[in-house]
Amino acid sequence: MKSLRKPKNSRYIGLLVSTALCLVSGQVKAAERVSPDFYAFKKTTQEVAQLTQQSQTLVLNGNSLTPSDVIKVARNGAKVTISDAALKRLKTAHELLLLAAKNGQAIYGLTQGVGLNKDQTLVDARGNLSEEVIRRSQEFNRGLIYAHSAGAGPQMSKDVVRAIMAVRLNSILFGSTGVQPKVAQLYSDFLNDDIVPIIPSRGSVGQADITLITHIGLAMIGEGEVYYQDKKMPASQALKMAGIEPLVPFGKDSLSILSSNAYSAALGALAVGELEHALKMSKLIFALSLEALDGNIEPFLEDSNKIRPFPEANQVSRDIREMLSGSYLWEKSEERSLQDPLSYRTGAYILGAGEHSLKQLQEQLKIQLNSSDDNPAVVLDVVSPSTRNEEASHYVNEGGIRGAVLPTANFSPLPWVISFQEAAIALSYLSSASAQRTIKLGDPHFTHLSRFLGTENTVHAYGAIQKTFVALAIENQELAAPILDNFAIAGNIEDVSTNAPRTVQRVRSQIDTLYYILGIEMMHAAQAIDLRLQKNPNLKLSGVTKSFFEQYRQVVPFMERDRVLTYDIEKSYSFLKAYPK
């Protein structure tokens, strides 16, 4: 392992901190925006990234995957292995599926067609799985992959595809798909050997991402294109180079590969990690911004909050009190207003709404990531609860194997899609409140500082920049509107949808934009703090905000004279995205 060399020239310390942190967080593009001098330190900061990407192996069992685990696999290159118990479930579920087919059960996607073609019998497997039955099943499976590889638009990023494969592998290991164990092994091999199928990013209505994630199955059968260790090539070539035998899909393999919300859930897992960090930064910037305003601490006192016990608002108030421990805000100030503008005064409720959304999403995605969204589903170790034929006909209990193959509607991700729509509204409030606070910081009526936080040597200081963060806040308001349109498709059968991918994509866009809005608030807050320190060198920030402020000043210096602010905005954005989690 290489050691990190300290730069010889101290003027690059701030740059090193920002770019290194960006790379550690997987934000290479953000790091490149920090400064034109970025490439001078690229080699050094790559070494920093390597220190954090040590070889990791996650044991997947179908029951304990978290969004942070998905991020480790997607962005940090963590390897995966399959637990013995999960592999055993997988084998048993496959045997039960074939046993049900041999017993004459009509099974969607195995003996019957899919979609409108569910009325067509594909194979008659009653009695035994003859060579002819197997051949016809294999032909159907291959055709199913071809017909559902139907995406549009630009290809997904590598981290998103890796996230999809981690998510789908874990849900397969839950044990309700009925696939051949080789399917799960191929997902594992693709992740560990760095085989990344090329998948278009558009074309899912969010009722299983069937037209997109099917491209992973296409690569598994040795067709389509992939990136193998970052080199684009035909899937057949990559499999050969990696020593992997292509999949010959059979039974319910293809349907299980394509009929899942793994794309939407993968985006959701990435979004949850991004939202968690953005909310931490929002609280930290709020605390510094309150010091910049010379604002009131009273709305965040324990006794102010316990009489209205909304849990997240109370927790945010506790966090703010802790962050501001030792701050001058706990001392009397002659210039301090009796009550601050609502964007400050109701900060615990606005930030608390974001925390509530995060908590809800974490709980919902925990279920999504560690359950089955398959249709039909193989349910192990159950017996028919009645003798009613419609129910009992789906159950099998022979040869030591018992369970059922049941039609489901588990492909609907609506519970957590609605939660993402709520998160979008919370992000709109967070964005607007930050913009409002930033306007107040530029107004001497609230700060008793100079207009637009200028100096004797500035012409306009932070006057024109208000248009920028207001425009960004309006963008986030627009993205908060829910997507409700539906079309009846697939022979007029699939007449509701969730638009899950687009919903989550918009939330991720909001989060990214929020960093810009917060970055501009940070620019104002730091400028105001410096102006206060000029008036009173003994002004005391809290330990938390002082460290945050000083690190920021290594990247974005005090504005003594007017300068191009676009660069400062980009530096602020990158600094916040990379700030230690």
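Structure's up top.
What you are looking at is a predicted structure, and each value in this text was computed from that prediction instead of being measured.

Q: Would you mind going over the nonpolar core with me for this structure?
A: Taken as a class, soluble globular proteins show a tendency for nonpolar side chains to be buried jointly. Core analysis: the largest hydrophobic core is formed by 137 residues, its most contacted members being Ile164, Tyr187, Phe420 and Phe548. Take this core: its biggest share by element is 21 residues, from helix α12 (residues 262-293). Leaving out residues up to four positions away in the same chain, phenylalanine 548 has contacts with Met281, Leu284, Ile285, Leu288, Met522, Phe575, Leu576 and Tyr579.

Q: Would you mind going over the packing of helix α16 (residues 347-369) against helix α18 (residues 414-441) with me for this structure?
A: Helix-helix packing is characterised by the crossing angle of the two axes and by the distance between the axes. Direction vectors running N to C along α16 and α18 enclose 160°, while the axes themselves pass 9 Å from each other. One way to sum up the angle between α16 and α18 is to call them roughly antiparallel. Along this stretch, α16 crosses α18, giving a crossing that reads as left-handed. Residues Ile350, Leu351, Ala353, Gly354, Ser357, Gln360, Leu361, Gln364, Leu365 and Gln368 of α16 form the contact with α18, whose own contacting residues are Pro415, Trp416, Ser419, Phe420, Glu422, Ala423, Ala426, Tyr429, Leu430 and Ala433. Residue composition of the contact of α16 with α18, by class: 13 nonpolar, six polar and one charged.

Q: Could you clarify how one ought to interpret a nonpolar patch on the surface in this entry?
A: Taken together, the side chains of Val205, Phe487 and Ile489 make up a nonpolar region of the molecular surface, amounting to roughly 290 Å² of accessible area. The topology assignment puts isoleucine 489 in the loop between α20 (466-478) and α21 (500-535).

Q: I would appreciate a short explanation of the environment of glycine 354 in the present structure.
A: One can find glycine 354 in helix α16. You can call glycine 354 buried: its relative accessible area is 2%. In the structure, glycine 354 is positioned 73 residues away from leucine 427 in sequence and 6.8 Å away in space, judged by C-alpha atoms. Residues contacting glycine 354, with those up to four places away along its chain left out, are Leu279, Ala426 and Leu430.

Q: Whenever I open this one, the pairing of strand β6 (residues 225-228) confuses me. Can you help?
A: The side chains of a regular strand alternate, residue by residue, between the two faces of the sheet. Along β6, the buried face is formed by Val226 and Tyr228; none of Glu225 and Tyr227, which line the opposite face, is buried. Looking at chain direction, strand β4 (residues 195-197) and β6 are connected through three bridges and run antiparallel. Residue pairing in the sheet places isoleucine 195 in a bridge with tyrosine 228 of β6. By the bridge criterion, four bridges tie β6 to strand β7 (residues 231-234) in an arrangement that is antiparallel. By the bridge assignment, glutamate 225 is partnered in β7 with proline 234. Between β6 and β7, which pair antiparallel one after the other, the connecting turn spans two residues, and glutamine 229 there sits at a positive phi close to 50°.

Calculation notes
Residues numbered from 1 in each chain as written. Predicted model: local features only at pLDDT ≥ 70, side-chain atom pairs only at ≥ 80, totals over all residues. Heavy atoms only, no water. Core = buried A, V, L, I, M, F, W, Y, C linked by side-chain atoms within 4.5 Å. Buried < 20%, exposed > 50% of the residue type's maximum accessible area, 1.4 Å probe, protein only. Helix = DSSP H or I, 4+ residues; strand = E, 2+ residues; numbered from the N terminus. Contact = heavy atoms within 4.5 Å. Axes fitted to C-alpha atoms, helices over the stretch in contact; angles between N-to-C directions. Parallel < 35°, antiparallel > 145°, perpendicular 65-115°, else oblique. Left-handed = near helix turned anticlockwise from the far one by under 90°. Nonpolar A, V, L, I, M, F, W, Y, C, P; charged D, E, K, R; others polar. Patch = residues over 30% accessible without salt bridge, like charges linked within 9 Å, V, L, I, M, F, W, Y side chains within 5 Å. Areas by Shrake-Rupley, 256 points an atom, 1.4 Å probe, with all protein chains shown as cover. Salt bridge = Lys/Arg side-chain N within 4 Å of Asp/Glu carboxyl O. Pairing = 2+ DSSP bridges.

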